[in-house]
Structures are given as C-alpha cells and as structure tokens.
Number of protein chains: 2
Amino acid sequence: MPARSQSHQITPERIFDLLQAYRNSAALKTAIDLDIFSHIGAGIVTAADLADELKIPVRGMRILCDFLTTDGLLIKTGDHYALNADAAVFLDRKSPAYMGGAARFLCSTPMMRAFDNLIDCVRRGGATEEVGLISQDHPVWVDFAHGMAALQALPAQNLSEFIDLPCDRPIKILDIAAGHGRFGIALAARYPNATVFALDWPAVLNVARKNADDAALGSRFETIAGSAFEVDLGDGYDAVLLVNFLHHFGIDEIATLFGRIRPALNAGGLLVIAGFMPNEDRISPPQAARFSLSVMASTPKGEAYTAGELKGMLEAAGFSYIADKPMSSGLQRLITAQSPGGGGGC
Amino acid sequence: MPARSQSHQITPERIFDLLQAYRNSAALKTAIDLDIFSHIGAGIVTAADLADELKIPVRGMRILCDFLTTDGLLIKTGDHYALNADAAVFLDRKSPAYMGGAARFLCSTPMMRAFDNLIDCVRRGGATEEVGLISQDHPVWVDFAHGMAALQALPAQNLSEFIDLPCDRPIKILDIAAGHGRFGIALAARYPNATVFALDWPAVLNVARKNADDAALGSRFETIAGSAFEVDLGDGYDAVLLVNFLHHFGIDEIATLFGRIRPALNAGGLLVIAGFMPNEDRISPPQAARFSLSVMASTPKGEAYTAGELKGMLEAAGFSYIADKPMSSGLQRLITAQSPGGGGGC
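Rules used in this analysis
Residues numbered from 1 in each chain as written. Chains lettered and ligands numbered in written order. Predicted model: local features only at pLDDT ≥ 70, side-chain atom pairs only at ≥ 80, totals over all residues. Heavy atoms only, no water. Helix = DSSP H or I, 4+ residues; strand = E, 2+ residues; numbered from the N terminus. Rg over C-alpha atoms; globule rule 2.2 N^0.38 Å. Buried < 20%, exposed > 50% of the residue type's maximum accessible area, 1.4 Å probe, protein only. Contact = heavy atoms within 4.5 Å. Areas by Shrake-Rupley, 256 points an atom, 1.4 Å probe, with all protein chains shown as cover. Lys, Arg positive; Asp, Glu negative; His and termini not counted. Charge placed at Lys NZ, Arg CZ, Asp CG, Glu CD. Pairing = 2+ DSSP bridges. Axes fitted to C-alpha atoms, helices over the stretch in contact; angles between N-to-C directions. Least-squares fit on C-alpha atoms with pLDDT ≥ 70 in both. Arc of directions from axis to C-beta. Phe/Tyr/Trp six-rings, centres within 6.5 Å; stacked < 30°, edge-to-face > 60°.

**Q** Help me understand the overall build of chain A in this model?
**A** When you go through chain A residue by residue, the secondary structure sums to 15 helices and nine strands. Here the C-alpha radius of gyration of chain A, 22 Å, is about what a compact globule of 346 residues would show, namely 20 Å. Projected onto its principal axes, the C-alpha coordinates of chain A cover approximately 65 × 45 × 40 Å. Counting across all 346 residues of chain A, residues that qualify as buried make up 61%. For chain A, long-range pairs separated by at least 24 residues make up 68% of all intrachain contacts whose partners lie at least 6 apart in sequence. Of the roughly 12,600 Å² of accessible surface on chain A, 54% is carried by carbon and sulfur atoms. Between the centroid of the 29 positive side chains of chain A and the centroid of its 38 negative side chains there is a distance of 2 Å.

Set out below in structure tokens:
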C-alpha cells in the first residue's frame, strides 16, 4: 500500500484500512481464482451476467466487484464494471503479462501463515528454522517458479542485456536458485556459445527444464539438483547468477556462499546479483523496503540488503565490485562483480 | 486501501501491494501490541533504543519500523522515527482517541480467518451459519465493545445531538446491541429524564454497565440480556437505537426485527439507525462500501445497506421515514424514522 501524503485531515480511516488490509489480499486472490478479470475483459461486465456465467449468487459477485472497485482495479459505471489499466495488463488471462499465478505464491497458506505470528518474528528477529521455507524442497517454490515466470520475462531480458560475456569461445553460466529458469535462459538466448547450469530443488528444476525446452536450448541447458550450500557447484563458469536469492540469508551464510562461488568462477568471471535492494535509507523504493518484513517473517536471518551492504560483502569475499544499477522495471536492482583476474565481454 | 488515480504508468506494483496487503495488517497489529507508537511518542525514537526498551533484537525493530514508515504511519529522518499525525492521535496510548483496542477486534483470529475462505463465501453469497459470529455470545463481541469504545465517543455525542426527544416527562430509550453502551449513554447525558435499556449478550453488558457507571447513570441504566430477535423487548420506548447492527442481517430478518420494535415504541416514537451506509452507487464512500465484504465474510445474509434500501424496509414495516444524514465523523450515516402517531422533541 502506498504511503499517503502527510497533508491530510486527521482521521482514523487510514488506520482502519491498514488494520483490515488482509481483506484486500483475500478479495484480489478470490477474484483471480474466479477469473473475474478475464471474464470482464471478455465483455461479461455486470454482476448479474458474471454471476450467471460463474453460477454463483449475484449478491456475492456484486459485493466482491464493488470492493475491487474501491481498490481501483475495476471501474464501475452504472452497473457495468470495466478493468483499470493495471488489471487489463496483469490480471486478464489473455494478456501475455498475466500475473495471476503470482497470487498462488504470494497468497499461499505458508506465506500468509508466516505473518500470523509476526510479533514472535519481531521478538526473535526472524522466523524459526521450522517456519523458514528456504532450506527445503517446499512445494511453495514450485508455485513460485510457475507464478513468477511470465512476470520475469522482461527483467530477465533486461538482465541479459547488461551482462557482457565472451563470444569467441564456449562459456558456462551457473544460475543459482534458478526457479523458472528465465534469467539463465535469457542469457543463453543472447549468447549462443553459452551453456546454462540451473541449480534448484528437483521439483522446481522440472519447471525450468520445461521453459528451457520451450526456448529450444537443447543440450545447452543442464541442471544441478540440491542446495547451493551443499552440492558440488562445478567450476569453469564465466558467470554466476544470484537472482532473488541472497535476501533469504544472514551475512555469515552469504559469506559462506560467496566462498563456494569464487573457486567455481574462472579468473575474471562475473558474479551477477539481482533482486529487491532498498536504498540506504531502507524506506525507498517502498516495494523493496517492505520486502524485508516478508523475509523476516519467513527466514531466520534474511532481509533485503542494500547495494552498499552487498558491496561490502562482495569485497570481503575478494570480488571486485563493478557496478549497481536499477533494472528497467524499476522494482529491482542489479549488481555486477568480478572474480580476481582478467576477463571481459565481446 | 484508497483507490489510486487511474492516470499512472502501468506497473504490477499496485497489484503486488494488494496481494500482500495482509502484511500491512500484521505489521500494524504487531506494532500496536508492542506499543511502539506510544514509545516513540514518549521520545524513544531510534530502532536501537526501542529494541533496548522492549528487549528485542534491533534487527526486528528496525525492519518493522521501516515497514511502518512505508505505510506512512512513521516518518523516518536519519535513524530517528517520528509519529505521523494519525498515529499520534490514534495509536499513542496517551491520546484520548487511542484506538489500539480496535486492532484486537479487527485483527482477531475469527475476523481474519473468515477471509481465508472468502471464495466460498462469494460462491454461497455469505458465510455459513457456523462461521457467522452474530447469533451467539462470542467473545469477539467483548473485544469489540472494549476496542471501539474510545473511538465511538465522538459519534455517540454526534448522534445524541441529532435526536430530539421529549424533555417534560420521563422517557425510555432502548439501545439494541448496545456493545460498549456509548450511544445510549450519550443520549442519557443529554436527557436527564431518560432511562436507557441496553440490550446485548451478558458478557458484553458488563462492558456497557462499566461505562454507564463511569458516566454515573445509576438507576437510569438498565440491561436486557439476550438476542434482540428472542427476548422480550419491553414497551413504552420513546426511542430505539439500532447502531452498527442491521448490516449483520438479511432483509427478511430486518423485517422481523422491525416488526418486534414497532409495538415496543410509543406512538410517534423514534427509530434511530446508524452505521456504515454506502451511497447508492455502492462504491462510495470507500470505507462504507468495503464494509459489505467484511459482512459477507462473517454473516450468512448481511451487507452494508444503502440509506435508500433501509428507507424501503422502514416504510414496508409501517415507519415514517424522517431523514438520513452523514454523521460528523463522515464515516457513518444516521437515519431517523417514526412509529405511527404523533410525538415530537423538546
């Protein structure tokens, strides 16, 4: 929820809205599950017609659609509903940027239940090991891989354009916690001389493999099943990707991981980090700043680190910091660093 | 959450925020439970000092306070946090308008769990009888009575100023579902010739009785324990109050209730209805419009009726509609209607 301007009348309304914000999640999740946005997009635009189409009482449909209208996702004129611009692009199943699958992950029971006892997480400074979702082959990560794939196509393209790698010889890229695999696949699309090694839990790798097959990578896509902290990473990589991953861990664990990655990289190989990184004030941009609370609720020691903190960790691990920059979506940041030694792009 | 302007760049940010809005509820509830706002109001303004005061890790405090800053409730300058205007008035325990108690009700487990299966409520058009909270002496109503009391002082004063009753003889007022009792108590304060009969579940009446004792009403405050649909209401009332009550019920149930109230009122006696009533468009004002979803999730047939709908129900039950007007808080509306026969104010 966006911060609102301070120049307003003093009322309890904003506080009531925040206390009951769980309603907004439930209403949107329900509308996505019922596929209401796609139906409205297809021209079924009154509560009566939507109810008829979905075989549910008109009363339930009307109350839900009116609520979505107060959230701005629908626009109501008389008794007709229309999609707002965001809903048309991201919530209509016919749109290539449809993100309904993300709701399955973001509003999954484990994610939401992690917030039921937020006060205990705050008191401990993190989730218990048992609640932590990272260190296991949890089905939530398959939902994540499916749900985020469409949304990540553009950031993945964006990342691939930033990363300069050798073109004159075969190269190897390691995609740690590959998920849907889109980031490695985008790099493989830019570099026909690249083979991508996707590392993740076995069930998640099935999703990545499917996406790699759709991209016709063939033998240029290989998989490594297991935890990045435990499996043999291999070696001779020209680039290692850590996308949306480091926030799960404490500083000591990240140091351990960097220590495993360094010998796996060629001299001068690139370490590429992308994800939510708040500015040094830790309150902007809002999406990145808020992300730390999600991480604290679901991991023992993680948080959304700033680029400055990650730079410190990289240098402590012997990497040379090259640059950090916002990705074109504006939501996430990208850091590039280099393993000791020479190297360079095309 | 307020609807945002349609004239913005198309991004998935708003949708991500809504899907994860349950975080906002959890963060605010946690901060209220830890009494962070009161501590900041008292001059403990850094995460380190707050953590020290509350004996919790600074990391948990910092992440929570940064999140509250993105919600606008705190203002961060360097590593100092300050309360925004709403938080200072409503979330600092030293403020007379402190509404922290409302969080206990609005974020109670039964209220939040009612939204877990919102899709089933939409499909049915309401909650199951078992999930419905109204028709039982549920502890959630004691939380409600405690939590809302301070917030309702001003609306109760406001209501009492609107209602003109005879001053020249003893009068009787029935306050149905009295809760904290503030509305009847405010009328008794205006009319020293009034005796208030508060009707509610026994445990809730203890809260109302305490507030009546604090207002020194003595024998001018009586109680009727039980359901308004079942107990003997008595008779000879000059006014009957139905505040924040009718939204729980279907139209048929409201007709039954009106049928019980009519003979309990003197000729020309007033029926006073107050609560969230959306405009006829059902999408404004947002707080009132959204309320229907809460009611649908927690009652089998209820919703936030418009003033027009209530007018129709009153007239069908033989009442003469007098007026409806917004209460000064702006959040709720007030309807007055009259039992057949003469009558009038002071």
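**Q** Looking at this structure, I do not really get the sheet that holds strand E5 (residues 221-225) of chain B. What am I missing?
**A** All names here are of chain B. Sheet architecture is open: seven strands sit in the order E5-E4-E3-E6-E7-E9-E8, paired in mixed fashion. Sheet topology places E5 and strand E8 (320-326) at the edges, where each strand pairs with a single neighbour. Between one strand axis and the next, the sheet turns by 20° as a mean value, whatever way the strands run. As judged from the six bridges shared by strand E6 (residues 237-243) and strand E7 (residues 265-275), these two strands associate in the parallel manner. Across the sheet, residue leucine 241 finds its bridge partner in E7, namely valine 272.

**Q** I would appreciate a short explanation of the relation of the copies chain A and chain B in the present structure.
**A** Superposition of the two copies of the chain requires a rotation about an axis together with a shift along that axis. Least-squares fitting of chain A to chain B yields an RMSD of 0.0 Å, with the superposition described by an axial translation of 0.0 Å and a rotation of 180°. This pairing of chains is accounted for by a two-fold axis. Of the C-alpha atoms belonging to chain A, the one lying closest to the rotation axis is found on tyrosine 22 of chain A, 2.0 Å away. A share of 100% of the interface residues of chain A reappears at the interface of chain B, consistent with the copies meeting face to face through the same patch.

**Q** Where do I start with helix H13 (residues 251-261) of chain A in this structure?
**A** Because each turn of an α-helix spans 3.6 residues, side chains separated by three or four positions in sequence point in the same direction. Residue and element names in this part refer to chain A. Three or more residues of H13 are buried, namely Ile254, Leu257, Phe258 and Ile261. All buried residues of H13 lie within an arc of 100° about the axis, which places them on one face of the element. Looking at the buried positions of H13, the neighbouring elements they touch are strand E3 (171-176), strand E6 (237-243), strand E7 (265-275) and helix H15 (307-316).

**Q** Teacher, can you tell me more about the packing of aromatic side chains here?
**A** Aromatic ring pairs are defined here through the distance separating the ring centres and the angle between the ring planes. In total, this model carries 12 aromatic pairs over all chains according to the counting rule given. Ring centres of tyrosine 22 of chain A and phenylalanine 115 of chain B lie 5.5 Å apart, and the angle between their planes is 70°; this geometry places the pair in the edge-to-face category. With tyrosine 22 of chain A in helix H2 (residues 22-34) and phenylalanine 115 of chain B in the loop between helix H8 (109-113) and helix H9 (118-124), this pair bridges two chains. Residue tyrosine 22 of chain A shares its accessibility class with phenylalanine 115 of chain B, and that shared class is buried. Grouped by ring-pair contacts, the aromatic residues Phe229, Phe245 and Phe249 of chain A constitute a single cluster.

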